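# Coordinate analysis (summary)
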Amino acid sequence: MEHRTTVILLLLAVVVAALPAPSHGWGVDGHIIVCQIAQGRLSDAATKAVNDLLPSDASGNLSSLCSWADKVRFRYHWSAPLHFIDTPDNLCTYNYDRDCKDEEGVKDRCVAGAINNYTSQLLTYAPSSSSSSGQYNLTEALLFLSHFIGDVHQPLHVGFSSDRGGNTIDVHWYRRKTVLHHVWDVNIIETAEKDYYDKGTDEFVDALNKNITGEWSGKVQGWEECSKNLTACPDIYASEGITAACDWAYKNVTEDSTLSDDYFDSRLPVVNLRLAQGGVRLAATLNRIFGQKAK
Ligand SMILES: [Zn+2]
């Protein structure tokens, strides 16, 4: 009896290990890239506030903690729906009132709602007080905000409801079996690093920063802008996200598609743009938050 239980448990472990892990945003590298771009663009006031709020072991390096929100997803069960937005199948539009809710229909529980919430929490920051003594844990608020502004820029984080943002669409990335969502979280970035950037994020960040000050420089101010004098503008990013998901991520992909050079070459520019926009906008948001408090 005991032996049978062990065998069943072992089999179960094998089955669970074989299942693709459900993904919740850019992989570690994508979040590092977004946060490194952002950190280089912070105002003096925002740099001071971020350093003040970061735990001492992060030694002023925001990007080292930009995947923290994925790591605490199991400890903070309530946070799982805050990484994405599900939109109606094939509509290719996003509407906050219609779409920003969790599976139980609780309003504001989506990545756009979370960005608004952690922005308002961080607006209570006062340089003199400790990060945990007030109403909120502002260190966690900073780490959540930095992660979620990255996530909302991953097009399939504003994907369709029935395929859970491409999580249920099986594909091959070259020869490897995966799901479409994972291709956008991890595989395109990994392949770019392997092919172009000597396997590192630093070179990737350098290349994107060159485009931000070069080819894209005329557009950057537009990326940073926030309508109606708001401090955070996740609705703009989410609308762009579902458009990119329809125009690029889902396009010409069906169950069991094999995605290789054609897909990689045509989609990498979209990934590059979204990573750059994520970094520029995270910095702009933090600058608005902490600039306002400095006055
Ligand atoms: Zn995430």
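All figures in this text were calculated on a predicted structure; none of them were measured in a lab.

So, about the overall build of the protein chain. Each helix and strand counted, the protein chain has 12 helices and three strands in total. When the 295 residues of the protein chain are sorted by exposure, 49% land in the buried category. Restricting to contacts in the protein chain with at least 6 residues of sequence separation, those with at least 24 account for 73%.

Our next topic: unusual backbone geometry. Positive phi is not limited to glycine here, since Cys92 has a value of about 65°. By the secondary structure assignment, Cys92 is in the loop between α4 (68-71) and α5 (96-99).

In this section: the packing of aromatic side chains. For the structure shown, the criterion picks out 17 aromatic pairs. Note on Tyr118 and Phe148: the rings are 6.3 Å apart at their centroids and 35° apart in plane angle, and the pair reads as tilted. A residue pair is termed long-range when its members are at least 10 positions apart, and Tyr118 in helix α6 (residues 111-122) and Phe148 in helix α7 (residues 138-151) qualify at 30 residues. For the pair Tyr118 and Phe148, a shared accessibility class is recorded, and that class is buried. Between Tyr197 and Phe204, the aromatic rings sit 4.6 Å apart at their centres with planes inclined by 25°, giving stacked as the arrangement. Each member of the pair, Tyr197 as well as Phe204, is classed as buried. Through a chain of ring-to-ring contacts, three or more aromatic side chains come together here, namely Trp68, Tyr76, Trp78, Tyr118, Phe144 and Phe148. Sitting above the plane of the Tyr76 ring, Arg75 keeps its charged end 5.3 Å from the centroid.

Working definition: the strands of a sheet are paired by backbone hydrogen bonds and lie parallel or antiparallel to each other. The strand order across the open sheet formed by three strands is β2-β1-β3, and the pairing between neighbours is mixed. Each edge of the open sheet carries a strand with a single partner, namely β2 (176-179) and β3 (257-259). For this sheet, the mean inter-axis angle between neighbouring strands, taken without regard to orientation, is 35°. As paired elements, strand β1 (residues 170-173) and β2 share four bridges and run antiparallel to each other. The residue of β2 that forms the bridge with His172 is Lys177. The sheet contacts of helix α8 (residues 180-196) involve β1, β2 and β3, and relative to β2 the element is tilted by about 130°.

Further remarks concern the nonpolar core. Among the nonpolar cores identified, the biggest contains 88 residues, and Leu180, Trp184, Tyr263, Leu286 and Phe290 are the most heavily contacted of them. A total of 13 residues in this core trace back to one element, the largest contributor, which is helix α12 (residues 261-294). Leaving out residues up to four positions away in the same chain, Leu286 has contacts with Leu42, Ala46, Val50, Leu62, Leu142, Leu145 and Gly291.

As a further point, take the state of the cysteines. Under the definition given, this model contains four disulfides. In this model, Cys35 is linked to Cys66 through a disulfide, with the two sulfur atoms separated by 1.9 Å. Handedness here is read from the sign of the S-S torsion; for Cys35 and Cys66, about -95°, the answer is left-handed. Residue Cys35 is located in helix α2 (residues 28-39), and its partner Cys66 is located in the loop between α3 (44-53) and α4; the two are separated by 31 residues in the primary sequence. An identical accessibility class is assigned to Cys35 and Cys66; each is buried. Between the sulfur of Cys100 and that of Cys110 lies a disulfide, 2.1 Å long from S to S. Disulfide Cys100 to Cys110: torsion about the S-S bond roughly -100°, handedness left-handed. Of the two residues, Cys100 is situated in the loop between α5 and α6 and Cys110 in the loop between α5 and α6; the sequence distance between them amounts to 10 residues. If one numbers only the bonded cysteines of the protein chain, in the order they occur, the disulfide pattern is 1-2, 3-8, 4-5, 6-7.

Rules and cut-offs
Residues numbered from 1 in each chain as written. Predicted model: local features only at pLDDT ≥ 70, side-chain atom pairs only at ≥ 80, totals over all residues. Heavy atoms only, no water. Helix = DSSP H or I, 4+ residues; strand = E, 2+ residues; numbered from the N terminus. Buried < 20%, exposed > 50% of the residue type's maximum accessible area, 1.4 Å probe, protein only. Contact = heavy atoms within 4.5 Å. Phe/Tyr/Trp six-rings, centres within 6.5 Å; stacked < 30°, edge-to-face > 60°. Lys NZ or Arg CZ within 6 Å of the ring centre and 35° of its normal. Pairing = 2+ DSSP bridges. Axes fitted to C-alpha atoms, helices over the stretch in contact; angles between N-to-C directions. Core = buried A, V, L, I, M, F, W, Y, C linked by side-chain atoms within 4.5 Å. Disulfide = S-S within 2.5 Å.

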